[in-house]
Structures are given as C-alpha cells and as structure tokens.
Amino acid sequence: MRDSGKLLLEEIDFVLAERSQLLARGLTFRVVHRYRPPGADCLPGEEIWAVSLMQRGHEYQLLLSPALLILADYLLRNSRYAQTASQIAGGIRRSRFHAARMNPSERKPRIPRSSIKEYIKRLHRALSFAFRKARLRIKPSDVLLVQDSVSNHVLYQWKAVVELIHVDSGPAKVGLFSDHVHQS
Amino acid sequence: MTRILLFDPDVAHAEALAMLLRGSGREVICCSDQRMLARRLRERTFDAVILYSYRSGDWKLHLAEIWSFGKALLAQPAVICFARGYRGPQERVEAEQRGVRLVYEG
C-alpha cells in the first residue's frame, strides 16, 4: 500500500501540475511563416503557411483558408487584449505584415469588418476539428473567446501561448532540404 | 485545497488510500458504485478523479459519466486510472487518446 500510495501521490501531482499549467497559460498554438529573407526578422511578404495546435508533443494543423490564416495569425499575435470586429479589421489593414497578404488587386483575400463574425465561427469549427483530433474535451469558445461588451459590441480574443516559427527562403537552387527552419 | 474523487469498488482499499491522500493535505471523497459516482459529480466539482480498475477496460464505462458534468475547460477534472496488473500497451494508448492517465499498479 505504501508503494502504491507513493505512486498515486506522484501521479496526482503530475496531472494537477499539467492541468494548472493548461488553465493558467492556455493551449499552445504554432504559427509558421515561410519565405522569410535570410537574416531578416519577420517581414511583410512572408506567407502565413500554417497554424497548428501543439498538444503533448503532437502538432494538429488547423484547416484554414488564406483569409482565416491571416485572421488567426493576427488574433494569436495580438492575444493580450479582446478586440471588436472593427478593431480587428482596422488592425489587419494597418499592419504592414498582414496588409501585404491582402492586396485585392492581386486576388489576395480581404477581411472586412462585416465578415469577422462569420470568420470567427469558421475558426471555431477548425478548432473543434483539431480538438477532436487531439482528443481534447475543450469547447472552442473557451479558447477563442467571444465576449459581449457593456454596450452592444462583441469582443474577440484568442487565449493561447503562441510559438512563431520561420522557414527561410532557401538558395536559388531549390532542393528537398533547401529551407532552413528557425524558431523565434 | 485539492479536491479528489476516488472511485474504488473495494471499500477497504479506498479508505486506506483516502487516509493516505488526506494525510498529504488533499480533500478526498470516496465512492464505490456508478450511481454514487454520478451523484458526487453532480454535487460538486473536483480537481481530479481517480478510478480504480480491476477488470480490463472498465474505466472506460465511467469516463462518459465524468465528462458529462461540467463541459467547460475549468470544470474538467483530471482523470487518473489505476489498473491492477499490466494489460499491455493497447489499453494505455486508448487511455492516452482519451486524455486519461493510466497507471499500472503492481
């Protein structure tokens, strides 16, 4: 009994530590950018390649369209404050990085204020698929929050830990391993 | 204080474990049948649920019950399943996939 009791106490400490870390920090999401000029930090013109949920060492990619990738990238990198649809649309428009990905003349996606609500629903759906794959019993609305303000605005906030990965543009001679991955 | 729900059909074993856990500063509530488990889960929230499993896979029967209470992330208790005797990796894989920690005892 003493040995099994010790084992039990260790296991309880472990799962409670895991749980409290999850509750305190939120889930971890990885955002991958590619085509970064070598030596640069993070520049407009890079492609937002993927957004993934990281759970227990596994990566679960969110199945997102180009417009949703831009919105997810913006929300994840500005997750400190809840924002209204107007603030999100304005923030994306004014951000050089995101605006570079949204030039209508080049048939790139646009994110108008009026479509944010629908896009958030789609992000919830993508999160729901990823949670199911990761066997997480979490409601997407507990991660990507939709909160009523004291007036009639709705605020959105993606509570998460964000890991930003950059894949540099390789040399002109493109081979299988020409890209260099950097975590920043 | 950490609140734990201990499900163990062996009442004497449950009491001995509960004493040990209380000694380390945890609040422990024991139950020995499915109906009692559901009632306890309805009454209050727990940080962790410990399931003692005496037969292969019997812990799966209780999982739906546990997760039907409190769907929110904050209300989800962590679930640890203690199984008597090694039952191979398959059961452990299934437990991991369901988000349960399965530990073989002895």
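Heads up: the structure comes first, above all this text.
Residues numbered from 1 in each chain as written. Chains lettered and ligands numbered in written order. Predicted model: local features only at pLDDT ≥ 70, side-chain atom pairs only at ≥ 80, totals over all residues. Heavy atoms only, no water.

**Quick notes on the environment of Leu27(A)**
Residues and elements named next belong to chain A.
Okay, so step 1: If you trace the backbone, Leu27 turns up in strand 1 (residues 27-36).
Okay, so step 2: Looking at Leu27, the relative accessible area reads 4%, which means it is buried.
Okay, so step 3: Residues Leu27 and Lys159, spaced 132 residues apart in sequence, show a C-alpha to C-alpha distance of 7.7 Å. (Helix = DSSP H or I, 4+ residues; strand = E, 2+ residues; numbered from the N terminus. Buried < 20%, exposed > 50% of the residue type's maximum accessible area, 1.4 Å probe, protein only.)

**Here's the deal with helix 5 (residues 116-133) of chain A**
Residues and elements named next belong to chain A.
Okay, so step 1: Taking 1.5 Å per residue, 18 residues should reach 26 Å; helix 5 reaches 26 Å between its end C-alpha atoms and fits that length.
Okay, so step 2: If you check which residues of helix 5 are buried, you get Ile116, Tyr119, Ile120, Leu123, His124, Ala126, Leu127, Ala130 and Phe131.
Okay, so step 3: Backbone geometry just after helix 5 places Arg135 at a positive phi near 55°. (Expected span 1.5 Å × (residues − 1).)

**Here's the deal with the interface of chain A and chain B**
Okay, so step 1: Opposite the 22 residues of chain A that make contact, chain B presents 32 residues.
Okay, so step 2: Taken together, both faces of the contact between chain A and chain B bury some 2,500 Å²; the carbon and sulfur share is 67%.
Okay, so step 3: At the junction of chain A and chain B, the tally comes to 2 salt bridges.
Okay, so step 4: The shortest N-O distance in the salt bridge between Glu11(A) and Arg101(B) comes to 2.5 Å.
Okay, so step 5: The interface formed by chain A and chain B holds 2 residue pairs in polar contact (both at pLDDT 80 or more) in total.
Okay, so step 6: The residue makeup of the side of chain A that touches chain B, split by class, is 11 nonpolar, 2 polar and 9 charged. (Contact = heavy atoms within 4.5 Å. Buried area = accessible area lost by both parts, 1.4 Å probe. Salt bridge = Lys/Arg side-chain N within 4 Å of Asp/Glu carboxyl O. Polar contact = N/O pair within 3.5 Å; in protein donor to acceptor, adjacent residues only side chain to side chain. Nonpolar A, V, L, I, M, F, W, Y, C, P; charged D, E, K, R; others polar.)

**Section: the sheet that holds strand 5 (residues 144-148) of chain A**
Residue and element names in this part refer to chain A.
Okay, so step 1: As summarised here, the arrangement of the 3 strands in space is 4-6-5, forming an open sheet in which the pairing is antiparallel. Two strands in the sheet have a free side with no partner beyond their single neighbour: strand 4 (83-84) and strand 5.
Okay, so step 2: Across 2 bridges, the pairing between strand 4 and strand 6 (residues 154-158) is antiparallel. Note on strand 6: the bridge partner recorded for Gln83 is Tyr156. (Pairing = 2+ DSSP bridges.)

**Regarding the environment of Ile120(A)**
Residue and element names in this part refer to chain A.
Okay, so step 1: On the secondary structure map, Ile120 appears in helix 5.
Okay, so step 2: Separated by 52 residues in sequence, Ile120 and Leu68 place their C-alpha atoms 8.6 Å apart.
Okay, so step 3: For Ile120, the contacting residues outside a window of four places in its chain are Leu71, Leu75, Leu144, Val146 and Tyr156.

**Notes on the nonpolar core**
Okay, so step 1: Residues Phe29(A), Leu71(A), Leu123(A) and Trp158(A) are the most contacted members of the largest nonpolar core, which totals 40 residues.
Okay, so step 2: Secondary-structure elements contributing two or more residues to this core are strand 1, strand 2 (47-55), helix 2 (66-77), helix 3 (85-94), helix 5, strand 6 and strand 7 (160-168) of chain A.
Okay, so step 3: When residues of this core are assigned to their parent elements, the largest contribution, 9 residues, is made by helix 2 of chain A.
Okay, so step 4: Setting aside chain neighbours within four positions, we find Trp158(A) in contact with Phe29(A), Leu62(A), Ala72(A), Leu75(A), Leu76(A), Ser79(A), Leu123(A), Leu127(A), Val143(A) and Leu144(A).
Okay, so step 5: Judged by nonpolar contacts, the second largest core, of 20 residues, contains Cys31(B), Leu41(B), Val49(B) and Leu102(B). (Core = buried A, V, L, I, M, F, W, Y, C linked by side-chain atoms within 4.5 Å.)

**Remarks on the pairing of strand 5 (residues 101-105) of chain B**
All names here are of chain B.
Okay, so step 1: Burial within strand 5 is extensive, with 4 of its 5 residues counted as buried.
Okay, so step 2: Bridge count between strand 4 (residues 78-84) and strand 5: 5 bridges; the pairing is parallel. Counterpart to Arg84 in the pairing with strand 5 is Glu105.
Okay, so step 3: Crossover strand 4 to strand 5 through helix 4 (residues 89-97) is right-handed. (Right-handed = clockwise from strand over helix to strand, strands pointing away.)

**Structural notes on the sheet that holds strand 5 of chain B**
Remark on secondary structure: sheet strands pair via backbone hydrogen bonds, oriented parallel or antiparallel.
All names here are of chain B.
Okay, so step 1: Judged by pairing direction, the sheet is parallel, and its 5 strands sit side by side in the order 2-1-3-4-5 without closing on themselves. Edge positions in the open sheet fall to strand 2 (27-31) and strand 5, since each of these has one partner strand only. With direction set aside, neighbouring strand axes in the sheet form an average angle of 20°.
Okay, so step 2: Note: strand 3 (residues 48-53) against strand 4, 6 bridges, orientation parallel. When the bridges of strand 4 are listed, Leu51 appears paired with Cys81.
Okay, so step 3: Relative to strand 2, helix 1 (residues 11-23) is tilted by about 170°, and along the sheet it contacts strand 1 (3-7), strand 2, strand 3, strand 4 and strand 5.
Okay, so step 4: Taken strand by strand, helix 3 (residues 58-67) contacts strand 1, strand 3, strand 4 and strand 5, and its axis lies near 155° from that of strand 3. (Axes fitted to C-alpha atoms, helices over the stretch in contact; angles between N-to-C directions.)

**Considering the packing of helix 2 (residues 34-43) of chain B against helix 3 of chain B**
A pair of packed helices is captured by two measures, namely the crossing angle of their axes and the spacing between those axes.
Residues and elements named next belong to chain B.
Okay, so step 1: Across the interface, helix 2 lies against helix 3 with an axial gap of 9 Å and an inter-helix angle of 25°. Relative to helix 3, helix 2 is oriented roughly parallel. Considering how the two elements wind past one another, helix 2 and helix 3 form a crossing that is right-handed. In this structure, helix 2 contributes Gln34, Leu37, Ala38 and Leu41 to the contact, and helix 3 contributes Leu61, His62, Glu65 and Ile66.
Okay, so step 2: Taken together, the residues that form the contact of helix 2 with helix 3 break down as 5 nonpolar, 2 polar and 1 charged. (Parallel < 35°, antiparallel > 145°, perpendicular 65-115°, else oblique. Left-handed = near helix turned anticlockwise from the far one by under 90°.)

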